[in-house]
Amino acid sequence: MASHEFRTALSTIQFAAGFLKKFHSKIKPAELEKKLEGIEGQVKLMTVLLDDILTLGKTEAGRLQMNPVKIDLIEFFEKIVVEIENASKSKHKVVTKFSASSLTILSEEKFLRNIFINLISNAIKFSPGKEAVYLTVDTDSEYVSIHVRDEGIGITSSDLAMIFE
């Protein structure tokens, strides 16, 4: 899967670069800017993919280092939601519900960010034709409960059995 993702990004970069090389003298500034933004976006995607592969390798080798920091979970999710809605090419809205106005936890921010960006992005991806996905953060004196819900196609029972594998 990673190989496919890298090849797709590289093909997009190669196509855009070739287009710019061939037609650079005829390209309008707005179109040039759009092509360059596309290249930058694909490079960022490849960087994230590479980081994920390196993290997986460290995990499997037992060398993954955790550096927990204090995170205001509500602020954290508000930023992620804005980022996902801006980056999403769909018209989905992420509807949020927080049981507290502020909630501080101790966690590894980078990993937490990857987890929830993936969960929310997948909820959007697998909810074609729907307008919203839902993020709910509940807390009591001891636990924090985070729910990501969509109204999409669901997971087959055979895949559901292997969801944490």
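Here's a quick rundown of the structure. These figures come from a predicted structure and were not determined experimentally. (Residues numbered from 1 in each chain as written. Predicted model: local features only at pLDDT ≥ 70, side-chain atom pairs only at ≥ 80, totals over all residues. Heavy atoms only, no water.)

### Some words on the packing of helix α3 (residues 73–87) against helix α4 (residues 109–125)
Packed helices, taken two at a time, are described by the angle their axes make and the gap between the axes. The line we're drawing: Between the N-to-C directions of two axes lies an angle of 0 to 180 degrees, each axis being a line fitted to C-alpha atoms and, for a helix, fitted only over the stretch in contact. Secondary structure elements follow DSSP: runs of H or I no shorter than four residues count as helices, runs of E no shorter than two count as strands, and numbering proceeds from the N terminus. Roughly parallel means an angle under 35 degrees; roughly antiparallel, over 145; roughly perpendicular, 65 to 115; everything else is oblique. Take the far helix as the reference: if the near one is turned anticlockwise from it by less than a right angle, the crossing is left-handed, and if turned clockwise, right-handed. Only heavy atoms enter the contact rule, under which two residues are in contact if any of them lie within 4.5 Å. Amino acids are sorted into nonpolar (Ala, Val, Leu, Ile, Met, Phe, Trp, Tyr, Cys and Pro), charged (Asp, Glu, Lys and Arg) and polar (every other residue, Gly among them).
At a closest axis distance of 11 Å, the pairing of α3 and α4 adopts a crossing angle of 45 degrees. The angle between α3 and α4 places the two elements in the oblique class. Relative to α4, α3 is oriented so that their crossing is right-handed. Across the interface between the two elements, L73, F76, F77, I80, E83 and I84 from α3 touch E109, L112, R113, F116, I117, I120, S121 and I124 from α4. When the residues that make up the contact of α3 with α4 are grouped by side-chain class, the tally is 10 nonpolar, one polar and three charged.

### A word on the packing of helix α1 (residues 2–23) against helix α2 (residues 29–60)
Where α1 contacts α2, the two axes come as close as 9 Å, and the packing angle between them is 155 degrees. With respect to α2, the axis of α1 lies roughly antiparallel. In this structure, α1 meets α2 at a crossing whose hand is left-handed. In this structure, α1 contributes A2, E5, F6, A9, L10, T12, I13, F15, A16, A17, F19 and L20 to the contact, and α2 contributes E31, L32, K35, L36, I39, Q42, V43, L45, M46, L49, L50 and I53. Considering only residue class, the contact of α1 with α2 consists of 19 nonpolar, two polar and three charged.

### Re the packing of aromatic side chains
For any pair of aromatic rings, the description consists of the separation of the ring centres together with the inter-plane angle of the planes. The condition is simple: Each Phe, Tyr or Trp ring, with Trp reduced to its six-membered ring, pairs with another whose centre is within 6.5 Å; inter-plane angles below 30 degrees give stacked pairs, above 60 give edge-to-face pairs, and intermediate values give tilted ones. Note on exposure labels: buried denotes an accessible area under 20% of the residue type's maximum, exposed denotes more than 50%, and partly exposed covers the range between, all computed with a 1.4 Å probe on protein chains only. Should the NZ of a Lys or the CZ of an Arg lie within 6 Å of a ring centre and within 35 degrees of the ring normal, that charge is described as sitting over the ring.
By the definition in use, this model includes three aromatic pairs. For the pair F77 and F116, a centre-to-centre distance of 5.0 Å together with 85 degrees between the ring planes defines the contact as edge-to-face. Separated by 39 residues along the polypeptide, F77 in helix α3 and F116 in helix α4 bring together distant segments of the chain. An identical accessibility class is assigned to F77 and F116; each is buried. Through a chain of ring-to-ring contacts, three or more aromatic side chains come together here, namely F76, F77 and F116. Sitting above the plane of the F19 ring, K35 keeps its charged end 4.4 Å from the centroid. The cationic tip of R149 hangs over the ring face of Y134; the distance from NZ or CZ to the ring centre is 4.2 Å.

### Thoughts on the nonpolar core
As a reminder, the rule being used: To define a nonpolar core, start from buried Ala, Val, Leu, Ile, Met, Phe, Trp, Tyr and Cys residues and group those joined through side-chain atoms within 4.5 Å.
L73, F76, F77, I80, V94 and I120 are the most contacted members of the largest nonpolar core, which totals 19 residues. Going through the elements one at a time, α3, α4 and β4 (132–139) are the ones with two or more residues in this core. Broken down by element, this core gets its largest block of residues, seven residues, from α3. When near neighbours in sequence (up to four residues on either side) are disregarded, F77 contacts F98, F116, L135, V137 and I146. Counting residues in each nonpolar core, the second largest holds nine residues, with A16, I27, M46 and L49 among its members.

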